[in-house]
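Okay, here's what each chain looks like letter by letter:
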Amino acid sequence: RNAGWPTSSCLQAIVMPLFYGPTPASVGIRRCDELLQQDVADLAGDANVKLWRGALQALHGEFAAAREAVAYAKHVTAELGQTLTAATSLDFVAGLIEMLDGEYEAAEAILRRSAMRLEELGQLAQLANRASQLANALYELARYDDAAEWVEIARKHSAANDVSAQLSWRAPAAKIAARDGRFERAHDLARRALELVDGTDALNQRAQVRLDYACVLMTEERQQDAGAYAAEAAALFDQKENIVDRD
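The rules behind the values
Residues numbered from 1 in each chain as written. Predicted model: local features only at pLDDT ≥ 70, side-chain atom pairs only at ≥ 80, totals over all residues. Heavy atoms only, no water. Helix = DSSP H or I, 4+ residues; strand = E, 2+ residues; numbered from the N terminus. Rg over C-alpha atoms; globule rule 2.2 N^0.38 Å. Buried < 20%, exposed > 50% of the residue type's maximum accessible area, 1.4 Å probe, protein only. Contact = heavy atoms within 4.5 Å. Areas by Shrake-Rupley, 256 points an atom, 1.4 Å probe, with all protein chains shown as cover. Lys, Arg positive; Asp, Glu negative; His and termini not counted. Charge placed at Lys NZ, Arg CZ, Asp CG, Glu CD. Salt bridge = Lys/Arg side-chain N within 4 Å of Asp/Glu carboxyl O. 1 Å grid on protein atoms, 1.4 Å probe; cavity = no way out; pocket = protein on both sides within 12 Å on 5 of 7 lines; lining within 4 Å. Points joined across faces, edges and corners; volume = space filled by probe spheres on them. Disulfide = S-S within 2.5 Å. Core = buried A, V, L, I, M, F, W, Y, C linked by side-chain atoms within 4.5 Å. Phe/Tyr/Trp six-rings, centres within 6.5 Å; stacked < 30°, edge-to-face > 60°.

Draft legend 1. Quick peek at the overall build of the chain. Tallying secondary structure elements over the chain gives 13 helices and 0 strands in all. Going from N to C terminus, the chain has its helices and strands arranged as α-α-α-α-α-α-α-α-α-α-α-α-α. In summary, the chain has a C-alpha radius of gyration of 18 Å against a globular reference of 18 Å for 247 residues, a match within 12%. For the chain, the spread of C-alpha atoms along the three principal axes comes to 60 × 40 × 35 Å. Every one of the 247 residues in the chain was classed for burial, and the buried ones make up 44%. Look at the contacts in the chain between residues 6 or more apart in sequence, and 64% of them connect residues 24 or more apart. Carbon and sulfur atoms provide 49% of the accessible area of the chain, an area that totals close to 11700 Å². Across the chain, 26 positive and 37 negative side-chain charges occur, with their mean positions spaced 3 Å apart.

What follows is the structure, encoded as structure tokens:
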């Protein structure tokens, strides 16, 4: 601000960790409100903060407000010609909201369009994460063959040093392997995803990988072990104040 440069990119670097990291959702929302009152100086910054505030609201089940934030950010990015922002942060949050609300068909449509757009733009690192997100939506729709295809796309484009991408494709891959009766492969995938995610402070992801492992164990009819991982996931969701997934 003192140098006269736009603050929008700095604001995004502040608000994204509020969602991904260990900050409880209510604290993150309050911090976003402070930024909106004190630090936003342009439309791009306003849209960035409101978008990630909406993602945090979605964790509380405030889906109407979250969708309103996405709609506003979509309008701003279109007005500013921010094609890449629309295909990355905006589409991630839009898909997340629909997944949290159980609207898997809506999530699948958003995420498929986003994945195709990222491929067109040559943003293969972003495509890796979006493909994993899409695979999860397809899994929830019981479209397991389609989910497996997108897992493979995610795996192919995941850089070796991209922890998020590497763990993100392994979790749905583990569930698919378990459904096929390939339990040894499923355990290998799930355990590696756990190793990767537990090296981060991303509470939602740490919880979700545990839920995915619980799903693998339930498929194997190991209910007691599955319950233990589900309980760990619930505790992590509780720390994040992710009320939707916790319940």
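Still to come is the rest of the account.
Draft legend 2. Region of interest: the pattern of salt bridges. Within the structure shown, the criterion is met by 20 salt bridges. Here the residues in one salt-bridge network are Glu-108, Arg-112, Arg-143 and Asp-146, joined through shared partners.

Draft legend 3. Looking closely at the environment of Leu-211. With respect to the element layout, Leu-211 can be found in helix α11 (residues 203-219). The exposure class of Leu-211 is partly exposed, given its relative accessible area of 29%. It is 18 Å that separates the C-alpha atoms of Leu-211 and Glu-184, two residues lying 27 residues apart in sequence. Those residues in contact with Leu-211, other than ones at most four positions away along the chain, are Ala-230, Ala-233 and Phe-237.

Draft legend 4. Region of the structure containing the layout of surface pockets. A volume near 1100 Å³ is recorded for the largest pocket. Forming the boundary of the largest pocket are 38 residues, of which Phe-92, Leu-96, Gln-133, Asn-136 and Gln-208 lie nearest the centre. Considering each element in turn, the lining of the largest pocket owes the most residues, 8 residues, to helix α7 (residues 124-140). Quantified by volume, the second largest pocket comes out at close to 330 Å³. If you trace the second largest pocket, you find 14 residues lining it, with Lys-74, Ala-86, Leu-90, Asp-91 and Arg-113 closest to the centre.

Draft legend 5. Fine view of the environment of Tyr-213. For Tyr-213, the position within the fold is in helix α11. When sequence neighbours within four positions are dropped, the list of residues in contact with Tyr-213 reads His-187, Ala-190, Arg-191, Leu-194 and Tyr-229.

Draft legend 6. Structural context of the state of the cysteines. One pass over the full model with this rule turns up 0 disulfides. Note on Cys-10: no disulfide assigned, nearest cysteine sulfur contributed by Cys-32 at a separation of 15 Å. A relative accessible area of 0% means that Cys-32 is categorised as buried.

Draft legend 7. Up close: the nonpolar core. Grouped together as the largest cluster of nonpolar side chains are 36 residues, with contacts concentrated most on Trp-150, Val-151, Leu-167, Trp-169, Val-209, Tyr-213 and Val-216. Counting only elements with at least two residues in this core, the list comes to α6 (104-121), α7, α8 (144-157), α9 (163-179), α10 (183-197) and α11. Once you skip the residues sitting within four places of it in the chain, Val-209 turns out to touch Leu-167, Ala-190, Ala-193, Leu-194 and Val-197. Of all hydrophobic cores here, the second largest spans 29 residues; its members include Phe-19, Leu-35, Ala-94 and Leu-100.

Draft legend 8. Here's a closer look at the packing of aromatic side chains. For the structure shown, the criterion picks out 8 aromatic pairs. Judged by centre distance (5.2 Å) and plane angle (85°), the ring pair of Phe-19 and Tyr-20 falls under edge-to-face. Judged by centre distance (5.7 Å) and plane angle (50°), the rings of Tyr-20 and Trp-52 are tilted. With Tyr-20 in helix α1 (residues 8-20) and Trp-52 in helix α3 (residues 43-59), this pair connects stretches of sequence that are 32 residues apart. Taking relative accessible area as the criterion, Tyr-20 reaches 30% and is therefore assigned partly exposed. Through a chain of ring-to-ring contacts, three or more aromatic side chains come together here, namely Phe-19, Tyr-20, Trp-52 and Phe-92.

Shape is all these values report; function is a separate question.
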